[in-house]
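Now for the letters of each chain:
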Amino acid sequence: MNAPTPFPGPASQHDRVAFDRQELGTILGLYGRMVAAGEWRDYGMSFLKDVAVFSVFRRTAEHPIYRIEKRPKLRGKQGMYSVIGMDGQILKRGGDLRAVLRILDRKLIRAVE
């Protein structure tokens with residue numbers, strides 16, 4: 001008997017860029033703090049061929065206010081992590097995720113009246 005031929009399906013998981021467990025833990029830790037502060041309300045994740053995106057929303061039916069992107073092809077050049085604002089401007093880019101996310105952590109620091 002011959003082994004069955006596998007049915008061709010959608011692109012395999014290895015063809016996509018994704019956040020690993022540690023990266024997601026770091027991102028979701030920041031997300032939890034911002035939700036507790038009342039700044040963020042919803043998020044979405046996209047795993048594509050060249051980029052993994054964590055989008056943050058203030059309300060559910062809006063455009064994302066921030067996008068946290070992972071682009072492994074930029075690892076050697078500008079750093080594979082970036083934070084992008086609502087208008088498409090890159091706010092911070094680098095090779096260390098925690099250092100890149102500090103730009104969003106600063107939004108939590110406010111003057112107390």
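Before any of the text, the structure's been laid out above.
What counts, and where the lines are drawn
- Residues numbered from 1 in each chain as written.
- Predicted model: local features only at pLDDT ≥ 70, side-chain atom pairs only at ≥ 80, totals over all residues.
- Heavy atoms only, no water.
- Pairing = 2+ DSSP bridges.
- Helix = DSSP H or I, 4+ residues; strand = E, 2+ residues; numbered from the N terminus.
- Axes fitted to C-alpha atoms, helices over the stretch in contact; angles between N-to-C directions.
- Contact = heavy atoms within 4.5 Å.
- Phe/Tyr/Trp six-rings, centres within 6.5 Å; stacked < 30°, edge-to-face > 60°.
- Buried < 20%, exposed > 50% of the residue type's maximum accessible area, 1.4 Å probe, protein only.
- Core = buried A, V, L, I, M, F, W, Y, C linked by side-chain atoms within 4.5 Å.
- Parallel < 35°, antiparallel > 145°, perpendicular 65-115°, else oblique.
- Nonpolar A, V, L, I, M, F, W, Y, C, P; charged D, E, K, R; others polar.

Visitor: Sorry, what's going on with the sheet that holds strand 2 (residues 52-57) here?
Guide: Within a sheet, adjacent strands bond to each other through the backbone by hydrogen bonds, running parallel or antiparallel. Sheet architecture is open: five strands sit in the order 1-2-3-4-5, paired in antiparallel fashion. A single partner strand is all that each edge strand has here, and the edge strands are strand 1 (42-47) and strand 5 (90-94). Between one strand axis and the next, the sheet turns by 15° as a mean value, whatever way the strands run. For strand 3 (residues 66-70) and strand 4 (residues 81-85), the ladder comprises five bridges, and the chain directions are antiparallel. Directly across from Tyr66, in strand 4, lies its bridge partner Gly85. Here helix 1 (residues 21-36) sits on the sheet and contacts strand 1, strand 2, strand 3 and strand 4; the angle it forms with strand 1, its principal contact strand, is near 160°. Lying on the sheet, helix 2 (residues 97-105) is in contact with strand 3, strand 4 and strand 5; it crosses strand 4 at an angle near 15°.

Visitor: Any chance you could explain the packing of aromatic side chains here in plain terms?
Guide: Pairs of aromatic rings are described using the distance from one ring centre to the other and the angle between the two planes. Scanning the model with the defined rule gives six aromatic pairs in all. Between Tyr31 and Phe54, the ring centres sit 6.2 Å apart and the planes meet at 75°, which makes this aromatic pair edge-to-face. Highlighted residues: Tyr31 in helix 1 and Phe54 in strand 2, separated in sequence by 23 residues. The pair formed by Tyr31 and Phe54 is uniform in burial state, with each residue classed as buried. On the basis of an interplanar angle of 15° and a centroid distance of 5.0 Å, the ring pair of Tyr43 and Phe54 is categorised as stacked. Note that Tyr43 is positioned in strand 1 and Phe54 in strand 2, a separation of 11 residues in sequence. By relative accessible area, Tyr43 is classed as partly exposed at 33%. Residue class for Phe54 comes out buried when judged on its relative accessible area of 0%. An aromatic cluster of three or more residues is present, and its members are Tyr31, Trp40, Tyr43, Phe54 and Tyr66.

Visitor: Would you explain the environment of Ala52 in this entry?
Guide: Along the polypeptide, Ala52 turns up in strand 2. As a C-alpha pair, Ala52 and Lys70 span 18 residues in sequence and 5.2 Å in three-dimensional space. If we skip the residues at most four places from it in the chain, Ala52 touches Val17, Ala18, Phe19, Ser46, Phe47, Ile68, Glu69 and Lys70.

Visitor: Explanation requested: the nonpolar core in the structure shown.
Guide: What tends to happen in soluble globular proteins is that the nonpolar side chains get buried as a cluster. Trp40, Ile68, Leu101 and Leu104 are the most contacted members of the largest nonpolar core, which has 20 residues in total. Of all elements in the fold, only helix 1, strand 2, strand 3, strand 4 and helix 2 reach the threshold of two or more residues within this core. For Leu101, the contacting residues outside a window of four places in its chain are Thr26, Ile27, Leu30, Ile68 and Val83.

Visitor: What should I look at first to understand the packing of helix 1 against helix 2 in this one?
Guide: A pair of packed helices is characterised by two quantities: the angle between their axes and the separation of those axes. Put simply, helix 1 and helix 2 touch, their axes get as near as 11 Å, and they point 10° apart. Between helix 1 and helix 2, the angle is such that the two are roughly parallel. On the side of helix 1, the interface is formed by Glu23, Thr26, Ile27, Leu30, Arg33 and Met34, while helix 2 contributes Leu97, Arg98, Leu101, Leu104 and Asp105. Residue composition of the contact of helix 1 with helix 2, grouped by class: six nonpolar, one polar and four charged.

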